[in-house]
Amino acid sequence: MDMAASLIATTLSAGTPLALASLGLLINEKSGVVNLGAEGMMLMAAVIGFAVALHTGNQWAAFGAGAVAGALMAGALGLLVIWLNTNQYATGLALTLFGAGVSAFIGIDYVGKTLPNFQPWDIPGLSDLPFIGPALFRHHLMVYFTVLLALGLIWFFDRTRAGLVLRAVGESPESAHALGYPVRRIRLLALMCGGALVGVAGAYLSVIYTPLWVQGMTAGRGWIALALTTFATWRPARVLLGAYLFGGVTMLQFFFQGSGVQIPSQFLSMLPYIATIVVLALMSRNPLWIRINMPSSIGKPFNPGG
């Protein structure tokens, strides 16, 4: 029972950065912009968040710094792809390479340093319950925030005027422009808001999940988050479910090792990426399912003049 509760708890922790990044990318893609720079943004936010936490001892300042780093990089991406109409895929890949290189340079002085473990927040009256308490109610506040964020986005996209406008910009930017909505500014704002969440995900990795800095510590999580948005067919609840699924697969290697199961560690390390490939391959068998839910203008430039 204790091991099962521990597996659930570590799954929620491991899935949180994936969920945050995926929800940020979901906001981007709902507006019609593909952000392939998530991996580089997470790396930059991770090193900046770690540096801020190390020098200030304040985890919330670190999250704020990570959010600002992610928003600024997303803003730069927006200026290029929204106003200059550069190719979204090539520009996003360039941003990933930029983030990986610059984060490695900035992080040279922080390699080998560690942060103190910030205490989780126990929910009074629930954290002491047998099994359920340690599994679900003894986590960092960011874990609970992520769940609430997913629920809030469901309400935002389906029940608010701003959410419907954002979806309209992603579905038919020409029609939204004809109705007087500033398509480019809406897309830039959505891109920066999503980038801020990707930045928080990166900061969570280096400040809470593994409180240290190592070059390339995201280990492809930005790409997995990008795949999750497609896996979830652009729905926040499915994004959350998918993130915890992949988080659980990641934690299986430690669960098997603790259980004494003799499986090569290299195979266990591959499991999250194998799961990503399998899920995307299964989904590609029914392209109609993706087309029905995918924003129509995703990845396409917007030219208000014609």
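Keep in mind that what you see is a predicted model, and the values were worked out from it rather than measured.

The rules behind these values
Residues numbered from 1 in each chain as written. Predicted model: local features only at pLDDT ≥ 70, side-chain atom pairs only at ≥ 80, totals over all residues. Heavy atoms only, no water. Helix = DSSP H or I, 4+ residues; strand = E, 2+ residues; numbered from the N terminus. Rg over C-alpha atoms; globule rule 2.2 N^0.38 Å. Buried < 20%, exposed > 50% of the residue type's maximum accessible area, 1.4 Å probe, protein only. Contact = heavy atoms within 4.5 Å. Lys, Arg positive; Asp, Glu negative; His and termini not counted. Charge placed at Lys NZ, Arg CZ, Asp CG, Glu CD. Axes fitted to C-alpha atoms, helices over the stretch in contact; angles between N-to-C directions. Parallel < 35°, antiparallel > 145°, perpendicular 65-115°, else oblique. Left-handed = near helix turned anticlockwise from the far one by under 90°. Nonpolar A, V, L, I, M, F, W, Y, C, P; charged D, E, K, R; others polar. Core = buried A, V, L, I, M, F, W, Y, C linked by side-chain atoms within 4.5 Å. Phe/Tyr/Trp six-rings, centres within 6.5 Å; stacked < 30°, edge-to-face > 60°. Arc of directions from axis to C-beta. Expected span 1.5 Å × (residues − 1). Polar contact = N/O pair within 3.5 Å; in protein donor to acceptor, adjacent residues only side chain to side chain. Patch = residues over 30% accessible without salt bridge, like charges linked within 9 Å, V, L, I, M, F, W, Y side chains within 5 Å. Areas by Shrake-Rupley, 256 points an atom, 1.4 Å probe, with all protein chains shown as cover. Salt bridge = Lys/Arg side-chain N within 4 Å of Asp/Glu carboxyl O.

I'd like a description of the overall build of the chain, backed by residues and values.
Along the chain, the regular secondary structure elements total 13 helices and 2 strands. Taking 306 residues into account, the globule formula puts the C-alpha radius of gyration at 19 Å, and the chain, at 19 Å, falls close to it. A total of 306 residues make up the chain; the buried ones form 51% of that total. Contacts in the chain between residues at least 24 apart in sequence constitute 78% of all its contacts with a sequence separation of at least 6. Across the chain, the 15 positively charged side chains and the 9 negatively charged ones have centroids separated by 12 Å.

Provide a residue-level description of the packing of helix α1 (residues 2–30) against helix α6 (residues 141–159), including the pertinent values.
One way to put it is that α1 packs onto α6 with a least axis distance of 9 Å and a crossing angle of 25 degrees. Relative to α6, the element α1 lies roughly parallel. Seen from above, α1 lies across α6 with left-handed handedness. The segment α1 lies against α6, with L12, T16, A19, L20, L23, L26, I27 and K30 engaging M142, V143, F145, T146, L149, A150, L153 and F157. Here the contact of α1 with α6 is composed, by residue class, of 13 nonpolar, 2 polar and 1 charged.

So what about the nonpolar core? Which residues, and what values?
One finds L23, I27, F63, V198, W213 and F246 to be the most contacted residues of the largest nonpolar core, which totals 76 residues. In terms of residue count, helix α9 (residues 183–209) provides more of this core than any other element does, 15 residues in total. Non-local contacts of F63, meaning those with residues more than four positions away in its chain, are made with H140, M142, V200, A203, Y204 and I208.

Residues and numbers for the packing of aromatic side chains, please.
Pairs of aromatic rings are described using the distance from one ring centre to the other and the angle between the two planes. Inspection of the entire model under this criterion finds 5 aromatic pairs. Here W60 and F63 contribute two aromatic rings whose centre-to-centre distance is 5.4 Å and whose plane-to-plane angle is 55 degrees, an arrangement assigned as tilted. Here W60 pairs with F63, and both are found in helix α3 (residues 59–83), just 3 residues apart, close to one helical turn. For the ring pair W121 and Y144, a centre distance of 6.0 Å and an interplane angle of 75 degrees mean the geometry is edge-to-face. Residue W121 is located in strand β1 (residues 121–122), and its partner Y144 is located in helix α6; the two are separated by 23 residues in the primary sequence.

Break down helix α7 (residues 161–171) for me, citing the residues and quoting the values.
Side chains that are three or four residues apart share a direction in an α-helix, a result of its 3.6 residues per turn. Those residues of α7 that fall on the buried side of the exposure criterion are G163, V165, L166, V169 and G170. Seen end-on, α7 carries its buried residues on one side only, within an arc spanning 160 degrees. If you follow the buried residues of α7, they end up packed against α1, α6, α8 (173–178) and α9.

Summarise the side chain of Q59; cite the residues concerned and give the values.
Counting through the fold element by element, Q59 comes out in helix α3. Ignoring anything within four residues of it in the chain, the contact list for Q59 reads F118, H140, V207 and I208.

Which residues make up α6, and what values go with them?
Across its 19 residues, α6 extends 26 Å between first and last C-alpha, which sits within 8% of the 27 Å expected from 1.5 Å per residue. What α6 keeps buried is the set M142, V143, Y144, T146, L149, A150, L153 and F157.

Lay out the side chain of S206 in plain terms, naming residues and giving numbers.
On the secondary structure map, S206 appears in helix α9. Accessibility expressed as a relative area gives 0% for S206, which makes it buried. Polar side-chain contacts of S206 include one of 2.7 Å to the backbone oxygen of A46. If near-sequence neighbours (up to four positions away) are discounted, S206 is found in contact with A46, G49, F50, L115, P211, L212 and M217.

I'd like a description of the packing of α6 against α7, backed by residues and values.
Put simply, α6 and α7 touch, their axes get as near as 5 Å, and they point 75 degrees apart. On the basis of their axis angle, the class for α6 and α7 is roughly perpendicular. Residues F156, F157, D158 and R159 of α6 form the contact with α7, whose participating residues are R161, A162, G163, L164, L166 and R167. Its residues assigned to classes, the contact of α6 with α7 shows 5 nonpolar, 1 polar and 4 charged.

Account for a nonpolar patch on the surface, naming residues and giving values.
Taken together, the side chains of I8, L126, L129, I132 and L136 make up a nonpolar region of the molecular surface, amounting to roughly 350 Å² of accessible area. Locating L129 in the fold gives a position in the loop between β1 and α5 (132–136). The exposure class of L129 is partly exposed, given its relative accessible area of 34%.

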